Amino acid sequence: MKPAQRPREAPHRATMEVSAQHRGCTTPARHTARISRHATRQGAVTLIAAALAVLALLLVTAPLSHAAEKLVPARWQAKSDMHGFRYTPDMHGRVQTQYGYLYSGFTLNRAGLGVQSQLMRADGSEYVVRGRIGHLEVERRFRVDRKTSGVRVVESLRNTSSTPQQAALVIYAQLNYRYQSVVTNLGRVAGATLQKKETGVAGLMATPVRGLVVYQLCGSNSRVKPRIVANNNQTLQFHFNVQVPANGRISLMHSAVVLAQPRTPSPNSVDKFFKPFRGRRYGADLPRDIRRAMINTRRGGGGDGSSIPSVEQALAVTPGSLDQLAFSEETLLQGTASCKKLTVASAHGEVLVPFDRVAAIVGGRHATLEPHVHLRDGQKLVGPVAAKGLRFEMTSGMAIDLDVAKLDRLVLRDVAVVVPSGDSGGTGEGPGEGPGAARPSRDVAYLIETFEGNRLRTQKKTESLRVATQWGEMSIPVEELKRVYLAGDEIPGYWVELNDESRFRAFLRDDKLEMKSDLFGAITFRPHQLRRIVAVRAKRPGDEEDLGDVAFPHLTLAGGDMFVGRIDLDALHFLAPGGTLPQPPAQIRLLHNELEGSPPDPGQSLRFRAEIWGGGHITGEIRELVVPVQTARGTLRVPVRDLVDVHVPTPIVPEVLRVRLRDLITDLGHPSWEKREAASSALEDLGELAKQALQQVLRETKDPEVERRVRRLLDKI
């Protein structure tokens, strides 16, 4: 009979029978009286033995956060997709095809992975290799997806130290055939870091084979995008430089596929080949802790201090279906915790905390953390913790009275304290999204974290926050804040992120920030106290992880700063060989610094390429040295050398063109077929400049012929 099916009294019978046989007894009935006297003592011994057995097992078994997976020793073999194309992965991180190595290896902080275990899912659908480099535990996963006909690779890095760790991950590819060029999914020749809306690269191959190799590397709005290095038209390198939080985890997911084509596609038509890898369900089969730590597939990114760490990241214990009592990095017990009264004496005052609001308690025995309490809504209270009647009952039935002063970590069940990173798509689950957690109100609240470690849920009282950037000062209404967090150990100041997608480095002015705390009432914060501010919004059904590009004019500046705004000039003056060409900034679809924000070498001119709405482009120097940038919060003065990209997503149509558009749209319903065809052709040539007018006509027209032609034109545009 399996142990799980054994009756509760079975251990007692087994103990009694062994005792009787040891004394030379021929029948247990002769010792009924002796058994009766020892029954109570034997039951207690059995319970203790069971508890010690559990403890011994945990001492030798490090807890895996996704231990529910059924993993078995790996049997490496080739996998085929639905087209019969074969992918051969191996323990060294390589994936070979008939076209060469889609993945020829990887390094982390310039070191290769010393593989310590080779596993796979029980059904053989995915391989898992694990190893360690420095303080980082590394897990790599390979899965051949028959539906998308590609191979998916996931790197998961877990930091076992109490300090953040930098991770320079380089992924290599080595093909058998030379490619003509490497372009992004948007058709731009790949070079340096992927830009806004770009998600990967494709190597276009010609003779002796035609087709392309596609690498999906990130989400279109993710801040974690790789740097691309292409060598000799045959090898590729993808460089990710990220930070792994203290006692935290990050994950990176990417995919590759070789597609044989009857002819090599044009650079501008490759985006469709990336679409199978972008769905929200792609990667849904991964363990939950790996999905939640993913930083390169959605807006924002983890590991950079922007998001509130989860209980798992902070305490290295994944909340589960039972409460968990941890004694060290390798030892924990499962059961049920209870407490009659819990109080925390924080720097803001003493507060009584209902136990059903508690996510975790850290006691005085923890080696690196001060005593503190995590709440289910993302708050954290640091200070002496007093717990009356704190008790833990193990699944075996044995109960332990706990003393907070001697406690390491107690993590309560069904808690997912993952705070949204400031937008509704966020990081997956917001406070209250996990089982058993209280749902927050739909009003905007803010989690404010101080350097002393307290994290409080607040509402605004101060109307605005004043900041200073290197291009000028701004006054930001508090309700427009998405996140404010330290820029990093090597970069002074803070990153400030706003609801309109602006993101920039700044210093907080020496003004007080008044907020209303849920627990302590009105609190005044000074800038030197603030470590992080995160706006908390309840997640709505249907929110997507990737919310699309910025729909307003915006600028990317040196260092990665991005402001929503426009250049406030009548014209930019380009110095061309034939003379000076003035161009209104509103008519420039994209202005790109060909040196990508880096200073030019001595004697080298600073060249820009301007793509014009309506067609054409200009390349050359810009006469202006400084340009005014108008934002909703004031005007910045930006040196031209600091411009990286200037985007105008929607063209501004001048009045003379508006008149022509009205005439052409009228001709779409002309009795003459030739007139209708000529109008359609002219509107198609105008492209985006005609889009808004056509959309307006589509909403208003009652002419079937005009509607048919407008729909066809909008599809082409």
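Residues numbered from 1 in each chain as written. Predicted model: local features only at pLDDT ≥ 70, side-chain atom pairs only at ≥ 80, totals over all residues. Heavy atoms only, no water.

**Thoughts on the overall build of the protein chain**
The number of helices and strands found in the protein chain is eight helices and 49 strands. A burial count over the protein chain gives 49% of its 717 residues as buried. Taking contacts inside the protein chain between residues at least 6 apart in sequence as the whole, the part at least 24 apart equals 62%. By element, 51% of the accessible surface of the protein chain is carried by carbon and sulfur atoms, the whole surface being about 34,200 Å². (Helix = DSSP H or I, 4+ residues; strand = E, 2+ residues; numbered from the N terminus. Buried < 20%, exposed > 50% of the residue type's maximum accessible area, 1.4 Å probe, protein only. Contact = heavy atoms within 4.5 Å. Areas by Shrake-Rupley, 256 points an atom, 1.4 Å probe, with all protein chains shown as cover.)

**Structural notes on the packing of aromatic side chains**
Evaluation of the coordinates by the stated rule reveals five aromatic pairs. When the centroid spacing of 5.9 Å and the interplanar angle of 90 degrees are considered together, the rings of Trp471 and Phe563 count as edge-to-face. Of the two residues, Trp471 is situated in the loop between strand E31 (464–469) and strand E32 (472–477) and Phe563 in strand E40 (residues 562–564); the sequence distance between them amounts to 92 residues. When its relative accessible area of 5% is taken as the criterion, Trp471 is described as buried. Ring geometry for Phe504 against Phe563: centres 4.7 Å apart, planes inclined by 15 degrees, an arrangement best described as stacked. (Phe/Tyr/Trp six-rings, centres within 6.5 Å; stacked < 30°, edge-to-face > 60°.)

**A look at unusual backbone geometry**
We note that Arg110 has phi near 70 degrees; this positive angle belongs to a residue other than glycine. With respect to the element layout, Arg110 can be found in the loop between strand E5 (100–108) and strand E6 (115–121). Its relative accessible area of 85% is what places Arg110 among the exposed residues. We note that Glu501 has phi near 85 degrees; this positive angle belongs to a residue other than glycine. Within the secondary structure, Glu501 sits in the loop between strand E34 (494–498) and strand E35 (503–508). For Glu501, a relative accessible area of 22% corresponds to the partly exposed category.

**Brief notes about the nonpolar core**
With 69 residues, the main nonpolar core has Leu410, Leu591 and Leu643 as its most contacted residues. Filtering out sequence-adjacent residues up to four positions away, Leu591 remains in contact with Leu572, Phe574, Phe608, Arg609, Ala610, Ile622, Leu643, Val644, Asp645 and Val646. Counting residues in each nonpolar core, the second largest holds 63 residues, with Val138, Val201, Val213 and Phe240 among its members. (Core = buried A, V, L, I, M, F, W, Y, C linked by side-chain atoms within 4.5 Å.)

**Observations regarding the side chain of Thr343**
Along the polypeptide, Thr343 turns up in strand E20 (residues 341–346). When its relative accessible area of 13% is taken as the criterion, Thr343 is described as buried.

**A few points about the packing of helix H6 (residues 673–686) against helix H8 (residues 704–716)**
Two elements in contact, H6 and H8, have axes separated by 10 Å at closest approach and are oriented at 25 degrees. Here H6 is positioned roughly parallel relative to H8, judged by the angle of their axes. Seen from above, H6 lies across H8 with right-handed handedness. Between H6, through Trp673, Arg676, Glu677, Ser680, Leu683 and Glu684, and H8, the contact on the second element is made entirely by Glu705, Arg709, Leu713 and Lys716. By residue class, the composition of the contact of H6 with H8 is three nonpolar, one polar and six charged. (Axes fitted to C-alpha atoms, helices over the stretch in contact; angles between N-to-C directions. Parallel < 35°, antiparallel > 145°, perpendicular 65-115°, else oblique. Left-handed = near helix turned anticlockwise from the far one by under 90°. Nonpolar A, V, L, I, M, F, W, Y, C, P; charged D, E, K, R; others polar.)

**Re the sheet that holds strand E25 (residues 385–388)**
Strand order across the open sheet formed by three strands is E21-E20-E25, with antiparallel pairing between neighbours. Since the sheet does not close on itself, it has two edges, and those belong to strand E21 (349–352) and E25, each with one partner. Neighbour-to-neighbour, the strand axes of this sheet turn through a mean angle of 15 degrees, independent of strand direction. Sheet topology places E20 next to E21; four bridges connect them, and they run antiparallel. Across the sheet, the residue bridging to Ala345 is Glu350, located in E21. (Pairing = 2+ DSSP bridges.)

Functional significance is not addressed by these values, which are geometric in nature.
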